[in-house]
Amino acid sequence: MTRLVELEANGPRKLEPDDIDDGKGDVAVCQCGLSDEFPFCDGSHRRTRDEDEGTTYVYEDGERREVERVVTADEADE
Ligand code: FES
């Protein structure tokens, strides 16, 4: 599975000690791209659990849809 994610940030966020969850004692950084608390994980990754290998998804307005995978010029040359 692949996910198309649009991000608007143009720089990093430095993690601070206050970012540590006192209850859990850790910081979870989102790797799925769906978190409303990005760059932190908010549990939104659970929506990806039933994604199929080889399928590309777009998540938009709370909905998920399948799309044809975009092939870049570099990939087309491979
Ligand atoms: S990894 Fe993205 S919300 Fe958890």
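Because the structure is predicted, anything quoted here is derived from the model rather than measured.

How each quantity is defined
- Residues numbered from 1 in each chain as written.
- Predicted model: local features only at pLDDT ≥ 70, side-chain atom pairs only at ≥ 80, totals over all residues.
- Buried ≥ 20, exposed ≤ 12 C-beta atoms within 10 Å, placed from the backbone.
- Helix = DSSP H or I, 4+ residues; strand = E, 2+ residues; numbered from the N terminus.
- Pairing = 2+ DSSP bridges.
- UniProt positions renumbered as here; feature names shortened; annotations may be inferred.
- Axes fitted to C-alpha atoms, helices over the stretch in contact; angles between N-to-C directions.

**Section: the pairing of strand 3 (residues 63–67)**
So, step 1. Little of strand 3 sits out of view: just zero of its five residues are buried.
So, step 2. The antiparallel pairing of strand 2 (residues 56–60) with strand 3 creates a hairpin that spans two residues between the two strands, and Asp61 there sits at a positive phi of about 50°.

**Details of the UniProt feature "domain: Iron-binding zinc finger CDGSH type" (unreviewed entry) in the chain**
So, step 1. Residues annotated in UniProt with the feature "domain: Iron-binding zinc finger CDGSH type" (unreviewed entry) correspond here to residues 10–51.
So, step 2. The span residues 10–51 carries 0% helix and 0% strand; its end-to-end C-alpha distance comes to 28 Å.

**A short note on the sheet that holds strand 3**
So, step 1. Sheet architecture is open: three strands sit in the order 1-2-3, paired in mixed fashion. In this open sheet, the two strands that pair with only one neighbour each are strand 1 (2–4) and strand 3. For this sheet, the mean angle separating the axes of adjacent strands, direction not counted, is 35°.
So, step 2. Judged from the five bridges that link them, strand 2 and strand 3 form a sheet pairing that is antiparallel. Bridging from a neighbouring strand, Val58 pairs with Arg65 of strand 3.

**Considering the pairing of strand 2**
So, step 1. Here strand 1 runs beside strand 2; their pairing, made up of three bridges, is parallel. In the strand pairing of strand 2, Leu4 is matched with Val58.

**Observations regarding unusual backbone geometry**
So, step 1. Following Phe38, the chain continues into Pro39 via a peptide bond in cis, with omega recorded as 20°.
So, step 2. Tracing the backbone through its elements, the reader meets Pro39 in the loop between strand 1 and strand 2.

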